[in-house]
Amino acid sequence: MAENHTTATDQTVPYSTGDSKITDATLAEMREIAARYPVARSALLPMLHLVQSVEGRITPEGIEACADMLGLTGAEVSAVATFYTMYKRRPVGDYHVGVCTNTLCAVMGGDLIFDRLKQHLDVGNDETTEDGKITLEHLECNAACDYAPVMMVNWEFFDDMTPESATQLVDDLRAGTEVKSPRGATICTWREAERVLAGFPDGRADEGPTGGKSTLAGLRLARERNWTAPAGAGGSPTPLDDVPGPRPEDQPGRESQAVHSDDTRKED
């Protein structure tokens, strides 16, 4: 185990090699996370997000802290941290920019977007720009095929992207311009987003629409045509007005900044 060190506030902090940002306050929050679960080891995933929020990545000190807190071995924690792609072993920039290159997004232009951004930012996959602002990564399916091709910035969606709109997006992020997701919150830093994933809300969960025009197209058509939901066993059809969930008139969605005015795609 690494030796303890003393911080500028004269607090002894375990699990550090001298430059770790895991403080007593971080350890207290780890204990708070663990207390939320009936089985403490279930807290490992959000706990690793907390490590990333303070360290900027998963560090050896972070792995050791989680292991000690949860009664696990370092190998067990490392196995989890290396299995899930949301956990990073190298420092991440202020904005993690992910481009979906899975089948549908690739066909719709995802590969072109990714190639353009690599050239524009002068980085490769899972690399960070020299100014520390952008980390670029190609992602597997984002489960947003109705908006293909899609990108994510710190896990917030950007829909119907093009090479041009993707380039403008990263330029705005690097310039410090306020950027809003078309189906989510205003973009914060990656570390701030990781803290939210650790279970410490920032109060912006309801900022922006959660359902977009494409997602709700089927429901809108069904209501216009008076379709009903299939009947259950021994029951009668359920009017769609009684079906729970978002209503098109409540969340009409915002067209992405990347959608062209001459878009001729049909909803039906």
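Residues numbered from 1 in each chain as written. Predicted model: local features only at pLDDT ≥ 70, side-chain atom pairs only at ≥ 80, totals over all residues. Heavy atoms only, no water.

Caption draft 1: Here's a closer look at the state of the cysteines. One pass over the structure, following the stated rule, counts 0 disulfides. Cys 141 takes part in no disulfide bond, and the closest cysteine sulfur, belonging to Cys 145, lies 4.1 Å away. Here Cys 141 falls in the partly exposed class, since its relative accessible area comes to 44%. (Disulfide = S-S within 2.5 Å. Buried < 20%, exposed > 50% of the residue type's maximum accessible area, 1.4 Å probe, protein only.)

Caption draft 2: Representation of the side chain of Thr 129. By the element assignment, Thr 129 lies in the loop between β4 (127–128) and β5 (134–139). Note on Thr 129: relative accessible area 4%, which makes it buried. A polar side-chain atom of Thr 129 sits 3.4 Å from the main-chain amide nitrogen of Lys 133. Sequence-distant contacts of Thr 129, that is, excluding residues within four places in its chain, are made with Leu 121, Val 123, Ile 134 and Arg 174. (Helix = DSSP H or I, 4+ residues; strand = E, 2+ residues; numbered from the N terminus. Polar contact = N/O pair within 3.5 Å; in protein donor to acceptor, adjacent residues only side chain to side chain. Contact = heavy atoms within 4.5 Å.)

Caption draft 3: Expanded view of the side chain of Arg 183. Along the chain, the position of Arg 183 falls in the loop between α7 (163–175) and α8 (190–197). On the basis of relative accessible area, Arg 183 is assigned to the buried category, the value being 13%. Polar contacts involving the side chain of Arg 183 include one to the side chain of Asp 159, which spans 2.9 Å. Residues within four places of Arg 183 in sequence aside, it is in contact with Ala 144, Tyr 147, Glu 156, Phe 157, Asp 159, Pro 209, Gly 211 and Gly 212.

Caption draft 4: Looking closely at the sheet that holds β5. The 5 strands lie next to each other as β4-β5-β3-β6-β7, forming an open sheet whose pairing is mixed. Because the sheet does not close on itself, it has two edges, and the strands there are β4 and β7 (156–158). Sheet topology places β4 next to β5; 2 bridges connect them, and they run antiparallel. Within β5, the residue paired with Glu 127 across the bridge is Leu 136. The strands touched by α7 within the sheet are β3 (95–100), β5, β6 (151–153) and β7, with β6 carrying the most contacts at an inclination of about 5°. (Pairing = 2+ DSSP bridges. Axes fitted to C-alpha atoms, helices over the stretch in contact; angles between N-to-C directions.)

Caption draft 5: Highlighting the packing of aromatic side chains. Counted by the stated rule, this structure contains 2 aromatic pairs. Seen in terms of ring centroids, Phe 83 and Tyr 84 are 4.9 Å apart; in terms of plane orientation they differ by 85°. Their pairing is edge-to-face. Ring plane angle 85° and centroid distance 6.3 Å describe the contact between Tyr 84 and Tyr 87, whose orientation is recorded as edge-to-face. Among the residues examined, Tyr 87 registers a relative accessible area of 7% and is labelled buried. Pairwise contacts between aromatic rings join Phe 83, Tyr 84 and Tyr 87 into one cluster. Sitting above the plane of the Phe 200 ring, Arg 36 keeps its charged end 4.9 Å from the centroid. Across the ring face of Phe 200, the terminal group of Arg 195 is positioned such that the distance to the ring centre comes to 4.5 Å. (Phe/Tyr/Trp six-rings, centres within 6.5 Å; stacked < 30°, edge-to-face > 60°. Lys NZ or Arg CZ within 6 Å of the ring centre and 35° of its normal.)

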